There are 2 protein chains.
Amino acid sequence: MLSEQELKKLIRSVPDFPKKGIMFRDITTLIKDKQGLSSTLEQLLAKLGDKKIDKVVGIESRGFIFGALLAEKLGVGFVPVRKPGKLPAEKITESYSLEYGQDSIEIHSDSIEPRDKVLIHDDLLATGGTMEAACKLIEKLKGEIVQVSFIVELTFLNGREKLNKYDVSSLISYADEN
Amino acid sequence: MLSEQELKKLIRSVPDFPKKGIMFRDITTLIKDKQGLSSTLEQLLAKLGDKKIDKVVGIESRGFIFGALLAEKLGVGFVPVRKPGKLPAEKITESYSLEYGQDSIEIHSDSIEPRDKVLIHDDLLATGGTMEAACKLIEKLKGEIVQVSFIVELTFLNGREKLNKYDVSSLISYADEN
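Residues numbered from 1 in each chain as written. Chains lettered and ligands numbered in written order. Predicted model: local features only at pLDDT ≥ 70, side-chain atom pairs only at ≥ 80, totals over all residues. Heavy atoms only, no water.

**Q** Quick question: what am I supposed to make of the overall build of chain A here?
**A** Secondary structure assignment for chain A yields six helices and nine strands. Taking 178 residues into account, the globule formula puts the C-alpha radius of gyration at 16 Å, and chain A, at 16 Å, falls close to it. Reported as C-alpha extents along the three principal axes, the dimensions of chain A are approximately 40 × 40 × 30 Å. A buried classification covers 56% of the 178 residues belonging to chain A. Within chain A, counting contacts between residues at least 6 apart in sequence, those at least 24 apart form 58% of the total. (Helix = DSSP H or I, 4+ residues; strand = E, 2+ residues; numbered from the N terminus. Rg over C-alpha atoms; globule rule 2.2 N^0.38 Å. Buried < 20%, exposed > 50% of the residue type's maximum accessible area, 1.4 Å probe, protein only. Contact = heavy atoms within 4.5 Å.)

Here is the structure:
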C-alpha cells in the first residue's frame, strides 16, 4: 500500500486551471495508476475505521469514482448527488454559493432511509460549499452523517470550518497554491 | 449473486424523462441496493471473462461508477472520459452527433499507453454515438479496445450497429419504450 506521501506524488498540479492563478490538483494521474487507485481506496477505508455505514453518497462527478468503490468495499449501496436536472424521479434540491452566483445539487427522495448511517465522499475539499449542501440534503432525508471524506484538502480555503459539525477526513493536504 | 432478470427488476422506469415520450431507465434504484451494486459488478466481470485488461475507461458521469469498480476489481488503473473543459492537462477531443446538433468528449493524452488493452464502460447503450466517439479517442492514443461494456442496452435504437467492430457487452435489454 502506498503512503499518503507517495499518493501525493501521483497527483498532478496544473497551473492556471480552470483560470489564471489557480493551481489545479489533478487526480487523474493518481487513479490511472493501479497502485494509486487501490491504495487511495485502502487509505480512505482506514480513515473510516470500523464505523458502521448503511449508504455511501458520492458527489457528481469525480466523487462517483471513490464513492462507488467505498460502497462496494463496505458492502452497502451507492447514492449519487447530482447537478440539477439529471435525476429523473422525486428529489430534493439544495443551493449553495459560488465565488460569483449560486449553484445547486439534488438527491432522490427515496435514496436515504431515516436513520441510515451515511458516508459522503467527494474528491476535493476547497471552500466546502458543495459538501455543506450535500450534508443538508442527507439531513433533510433524516440520514445520519458518520463521516465526510475527501482525497485532497486545500487547507488554505478553510472548508473544514463550514463542516465542523462533522467528522471530516482527507488524505492529502495542500497549504497553498504552490 | 442476483441474476440479470433480478437486476432488471431493480431498475426504475420513469416515463417522459428527460422529455415527453422517453422512458428513462434509472439505475439509481439498482445501485442503492447493496446486492444490486455488487451483483451488477460481478455480472459485468463475468461478461468480460478472462480477457486481459490494462486500463478501464469510464464515460462521464454515470460510467464512472462501474468503470471505477471494474478497474479496482481487475487490479488496473481507471481513466475518465469527460465532457469538454473538465480535464486540465494535454488532451484530445472527439465530436459526435446528437438528435439536434453536436457534442464532444475528451481524454488526457497521457492516460493510455500504446498497446494498452482497454475496457470502456458506460451505463447505457442508446444510439451508440458517445461510445463510438470514446472508441475513436482510445484508438487515437493507440490503445486496443478489448470490450465495450454497458449495464443497460436499448436494443430498438440499434446502437450496437455503430459498434460492430468491437466486443459489445450489456446485462439488461429493453426492446421498446414500455
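**Q** Looking at this model, I keep getting lost on the interface of chain B and chain A. Mind explaining?
**A** Many descriptions give the size of an interface as the accessible area lost when the pieces come together. Residue-level contacts link 40 residues of chain B with 40 residues of chain A. Both sides of the chain B and chain A interface together cover about 3,100 Å² of buried area, and 60% of this is carbon and sulfur. On the chain B side of the contact with chain A, Lys32(B), Glu72(B) and Pro88(B) bury the most area, a combined 20% of that side's loss. Where chain B meets chain A, there are six salt bridges. On the surface where chain B and chain A come into contact, there are 17 residue pairs in polar contact (both at pLDDT 80 or more). Put simply, the parts of the chain that give the side of chain B that touches chain A at least two residues each are β1 (12-15), β2 (23-26), α2 (28-31), α3 (34-48), α4 (63-74) and β4 (77-81) of chain B. (Buried area = accessible area lost by both parts, 1.4 Å probe. Salt bridge = Lys/Arg side-chain N within 4 Å of Asp/Glu carboxyl O. Polar contact = N/O pair within 3.5 Å; in protein donor to acceptor, adjacent residues only side chain to side chain.)

**Q** Any chance you could explain the environment of Ser38(A) here in plain terms?
**A** Residues and elements named next belong to chain A. Considering the arrangement of structural elements, one finds Ser-38 in helix α3 (residues 34-48). Given the relative accessible area of 25%, Ser-38 is considered partly exposed. Between the C-alpha atom of Ser-38 and that of Phe-24, which follows or precedes it by 14 residues, the distance is 23 Å.

**Q** What should I look at first to understand the relation of the copies chain B and chain A in this one?
**A** Each of the two chain copies goes to the other by way of a rotation about an axis and a shift along it. Once turned by 180° and shifted 0.0 Å along the axis, chain B lies on chain A with an RMSD of 0.0 Å. What the superposition gives is, in effect, a two-fold axis relating one chain to the other. A high fraction, 100%, of the interface residues of chain B reappear at the interface in chain A, so the copies pair face to face through one surface. (Least-squares fit on C-alpha atoms with pLDDT ≥ 70 in both.)

**Q** Even after reading the chapter, I still don't get the sheet that holds strand β7 (residues 117-125) of chain B, so can you show me in this structure?
**A** Pairing between the strands of a sheet is mediated by backbone hydrogen bonds and can be parallel or antiparallel. Residue and element names in this part refer to chain B. Reading across the sheet, the five strands line up as β4-β3-β7-β8-β9 and stay open at both edges, with parallel pairing between neighbours. Each edge of the open sheet is held by one strand with a lone partner, namely β4 and β9 (168-174). Averaged over all pairs of adjacent strands, the angle between strand axes in this sheet comes to 20°, irrespective of strand direction. Bridge count for β7 against strand β8 (residues 144-154) is eight bridges, and the pairing is parallel. Its bridge partner lying in β8, His-121 is registered against Ser-149. (Pairing = 2+ DSSP bridges. Axes fitted to C-alpha atoms, helices over the stretch in contact; angles between N-to-C directions.)

**Q** Whenever I open this one, unusual backbone geometry confuses me. Can you help?
**A** Note on backbone geometry: most residues besides glycine have negative phi, and most peptide bonds are trans. Between Phe17(A) and Pro18(A) the backbone carries a cis peptide bond, its omega angle lying at -5°. The amide bond that connects Glu60(A) to the next residue, Ser61(A), takes the cis arrangement and shows omega of -10°. Topologically, Ser61(A) is positioned in the loop between β3 (55-59) and α4 (63-74). Here Lys142(B), not a glycine, exhibits a phi torsion of approximately 65°, which is positive.

**Q** How should I be thinking about the pattern of salt bridges in this particular structure?
**A** Oppositely charged side chains are able to pair whenever their charged atoms sit close together. This structure, assessed with the given rule, holds 30 salt bridges over all chains. In this structure, Lys117(B) engages Glu144(B) in a salt bridge whose closest nitrogen and oxygen atoms are separated by 3.5 Å. Separated by 27 residues along the polypeptide, Lys117(B) in strand β7 and Glu144(B) in strand β8 bring together distant segments of the chain. Given the relative accessible area of 25%, Lys117(B) is considered partly exposed. Among the ionic pairs, Glu153(B) bridges to Arg160(B), the shortest N-O distance being 2.8 Å. Looking at Arg160(B), the relative accessible area reads 36%, which means it is partly exposed. Shared partners join several salt bridges into a network, and the residues in it are Arg12(A), Asp26(A), Lys32(A) and Asp110(B).

**Q** What's the story with the pairing of strand β6 (residues 102-108) of chain A in this structure? I'm lost.
**A** Two faces, one strand: in a regular strand the side chains alternate between the faces of the sheet. All names here are of chain A. Among the seven residues of β6, five are classified as buried, and the element is accordingly described as predominantly covered. In this sheet, β6 lies alongside strand β5 (residues 91-97) in antiparallel orientation, the contact comprising seven bridges. What sits directly across from Thr-93, in β6, is Glu-106. Where β5 hands over to β6, the hairpin turn is made up of four residues, of which Gly-101 adopts a positive phi near 90°.

**Q** Can you help me understand the side chain of Gln43(B) in this one?
**A** Residues and elements named next belong to chain B. Looking at the secondary structure, you find Gln-43 in helix α3. The class for Gln-43 is buried, based on a relative accessible area of 10%. Excluding its chain neighbours within four sequence positions, the residues that come into contact with Gln-43 are Met-1, Leu-2, Ser-3, Glu-4, Leu-7 and Leu-171.

**Q** I would appreciate a short explanation of the nonpolar core in the present structure.
**A** In a soluble, globular protein the nonpolar side chains are often hidden away together inside. If you look at the biggest cluster of nonpolar residues, it comprises 58 residues, and the most contacted ones within it are Phe66(A), Ile151(A), Ile31(B), Phe66(B) and Ile151(B). For Phe66(A), the contacting residues outside a window of four places in its chain are Ile31(A), Leu37(A), Thr40(A), Leu41(A), Leu44(A), His121(A) and Ile151(A). (Core = buried A, V, L, I, M, F, W, Y, C linked by side-chain atoms within 4.5 Å.)

**Q** Can you walk me through the sheet that holds strand β8 (residues 144-154) of chain A in this structure?
**A** All names here are of chain A. Pairing in this open sheet of five strands is parallel, and the strands run β4-β3-β7-β8-β9 from one edge to the other. Each edge of the open sheet is held by one strand with a lone partner, namely β4 (77-81) and β9 (168-174). Sheet twist, expressed as the average angle between the axes of neighbouring strands with direction ignored, equals 20°. As judged from the four bridges shared by β3 and strand β7 (residues 117-125), these two strands associate in the parallel manner. Bridge pairing links Gly-58 to His-121 in β7.

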